[in-house]
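# Fold and contact review
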Amino acid sequence: MAPMKLYGATVSWNVTRCVVALEEAGAEYQIVPIDFATAEHKSPDHLARNPFGQVPAFQDGDLHLWESRAICKYVARKHKPDLLREGNLKESAMMEVCLEVEANQYTAALNPILYQCLVSPMFGGTTDQKVVEENLEKLKKVLEVYEARLAKHKYLAGDFLSLADLNHVSVTLCLLATPHASVFDAYPHVKAWWDGLMARPSVQKVAALMKPSA
Amino acid sequence: MAMKVYGPAMSTNVARVLVCLEEVGAEYEVVPVDMTTGEHKSPAHDARNPFGQVPAFQDGDLILYESRAISKYILRKGGSDLLRESNLAESAMVDVWLEVESGHFSSTMSPIIFQCLVVPFLGGETDTKIVQENLEKLKTALGVYEARLSRFKYLAGDFVSLADISHFPAAYYLLGGSHASVLDAYPHVKAWLAEVMDRPSVRKVVELMKLPSA
């Protein structure tokens with residue numbers, strides 16, 4: 001059976017969010033690079049895969065998906081449904097809450113920080129420190145909530161690893177490449193949770209993938 | 001014991017949850033949270049939603065927040081087929097279009113609703129620049145929707161799903177506001193929305209949204 005295809009560049013934390021899920025699920029996949037420099041993401045071929053002209057896009061046989069979190073869910077459902085706990089009403093509910101919080105609170109605060117510190121300089125722009133500071137404050141509020149949660153449970157959704165934990169990995173790896181990684185230091189349970197995730201072979205593999213090539 | 005939803009029905013995120021309760025015919029009560037007096041930031045509400053937002057939700061000793069997570073719990077518990085979780089490809093398409101609803105539709109409608117309805121209500125002046133910027137983003141999204149709905153009856157395929165229904169709260173405000181004519185250029189979107197708004201569950205919740213206490 002043909003491997004699953006993930007379209008996009010590994011510099012994108014939305015693309016690597018899916019790589020984490022694919023690695024954890026033990027799925028066979030290949031990454032098909034999409035070249036932003038030549039506007040390949042706006043080409044008719046790519047728009048047929050992702051009508052918003054974004055990455056990632058994904059293909060499994062004749063199923064075409066886009067939106068990283070939808071792709072991650074599909075991969076988990078197909079290959080490692082234990083990450084979703086859909087057979088258990090309460091556990092799956094907590095997992096869904098944590099998935100939403102990752103998107104709407106955690107990554108919502110991190111995105112502008114990563115953009116200012118990593119993306120803008122890549123295109124010759126400057127880092128807007130005011131935007132960074134404002135969003136670091138928002139991030140700290142999220143980390144306070146996580147600290148309280150992780151003081152009671154091993155993982156975010158409960159005492160089981162779920163897709164909610166994994167969906168945090170790609171953006172957090174990018175945070176490590178900014179001057180603001182130390183924001184975790186004030187939250188020991190969050191730090192321990194993150195260290196645990198970092199030790200996973202899937203996360204190590206993605207970290208290596210995200211390093212800019214020599 | 002009836003499920004409890006904390007928050008005003010006229011909040012788009014609260015309304016989303018209410019329509020799912022109506023879809024499964026669950027017994028529920030809406031517990032008001034007076035946001036004009038900051039009740040959503042009170043310790044009592046913080047215990048239900050640590051981000052100080054609405055809705056929060058309670059079913060027995062299970063407390064949830066994030067409207068899309070609550071919605072999924074309600075639909076799963078009620079045995080609804082609006083998530084298509086017994087079918088890998090169909091459930092994936094539902095997830096894709098839920099992400100699109102959140103990331104492309106509701107995210108552009110939120111600032112428009114805030115500027116056109118909330119700001120004047122609080123005695124301020126609508127920032128027309130923000131409204132125009134977001135109307136342009138909305139039109140881009142509507143173009144994608146039009147292409148999709150020209151090929152399929154509903155967003156995830158030829159079956160109605162949570163992806164369609166999740167649009168109704170923002171659509172309610174768009175249809176009732178001064179920018180409804182933006183839909184005229186997208187006839188399939190307009191027809192699809194009319195059908196969604198005509199669902200008995202949606203009609204019931206619209207009545208709740210119109211109440212002065214909402």
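Here the structure is shown first, and the text comes after it.
Attention in this report is confined to the structure presented alongside it. As the structure is a computational prediction, the values presented were derived from the model and not from experiment. Along each chain, numbering runs from 1 in the same order as the chain's sequence is written. Just so you know, chain letters begin at A and ligand numbers begin at 1, following the order they were written in. At least 70 in pLDDT is required for a residue's local features to be given in this predicted model, at least 80 for side-chain atom pairs to be given and counted, and no such filter applies to totals for whole chains, interfaces and linings, which use all residues. Water and hydrogen atoms play no part in the side-chain values, which are based on all heavy atoms of the structure.

This next bit is on the pairing of strand 2 (residues 28-31) of chain B. Residues and elements named next belong to chain B. Pairing between two strands requires that DSSP report at least two bridges joining them. By definition, any uninterrupted DSSP run of H or I lasting at least four residues is a helix, any uninterrupted run of E lasting at least two residues is a strand, and each is numbered from the N terminus. Two elements, strand 1 (residues 3-6) and strand 2, share four bridges in a ladder whose sense is parallel. Bridge pairing in strand 2 places lysine 4 opposite glutamate 29. The handedness of a crossover follows from its direction of travel: if, with the strands pointing away from the viewer, the path from the first strand over the helix to the second runs clockwise, the crossover is right-handed. Once the chain exits strand 1 it traverses helix 1 (residues 12-24) before rejoining the sheet at strand 2, and the crossover so formed is right-handed.

That bond from valine 55 of chain A to proline 56 of chain A is cis: its omega, 5 degrees, falls within 30 degrees of zero. Assignment of secondary structure puts proline 56 of chain A in the loop between helix 2 (44-49) and strand 3 (57-60). Cis geometry marks the peptide bond from valine 54 of chain B to proline 55 of chain B, where omega comes out at 0 degrees. Turning to its location among the elements, proline 55 of chain B is positioned in the loop between helix 2 (43-46) and strand 3 (56-59).

This part is about the nonpolar core. One finds Trp97 and Phe168 of chain B to be the most contacted residues of the largest nonpolar core, which totals 146 residues. If one sorts the elements of this core by residue count, helix 4 (residues 89-122) of chain A sits on top with 14 residues. Apart from residues no more than four positions distant in its own chain, phenylalanine 168 of chain B is found in contact with Ala15, Val19, Val196, Met197, Val202, Val205, Val206 and Met209 of chain B. The definition of a nonpolar core used throughout is a set of buried Ala, Val, Leu, Ile, Met, Phe, Trp, Tyr and Cys residues joined through side-chain atoms within 4.5 Å. Relative accessibility decides the category of a residue: with a 1.4 Å probe and only protein chains considered, values under 20% of the type maximum give buried, values over 50% give exposed, and everything between is partly exposed. By the convention used here, residues are in contact when the closest approach between their heavy atoms is within 4.5 Å.

This paragraph deals with the interface of chain A and chain B. Chain A puts 29 residues into the contact, and the matching count from chain B is 29 residues. Here the quantity called buried area is the accessible surface, traced with a 1.4 Å probe, that two parts lose on coming together, added over both. Buried surface at the junction of chain A and chain B, summed over both partners, amounts to about 2,800 Å²; 68% is from carbon and sulfur atoms. Its largest share of buried area at the contact with chain B, chain A owes to Phe52, Arg77 and Leu89 of chain A, together 20% of the area lost on that side. One side-chain nitrogen of Lys or Arg within 4 Å of one carboxyl oxygen of Asp or Glu is enough to make a salt bridge. One can count six salt bridges joining chain A with chain B. What qualifies as a polar contact is a pair of N or O atoms within 3.5 Å, subject to a donor-acceptor requirement within protein and to the restriction that residues adjacent in sequence count only when both atoms come from side chains. At the boundary of chain A and chain B, one finds ten residue pairs in polar contact (both at pLDDT 80 or more). Looking at the side of chain A that touches chain B, the elements that each hand over two or more residues are strand 4 (63-66), helix 3 (68-79), helix 4 and helix 5 (129-150) of chain A.

Bear in mind that shape data such as this cannot, by itself, settle questions of function.
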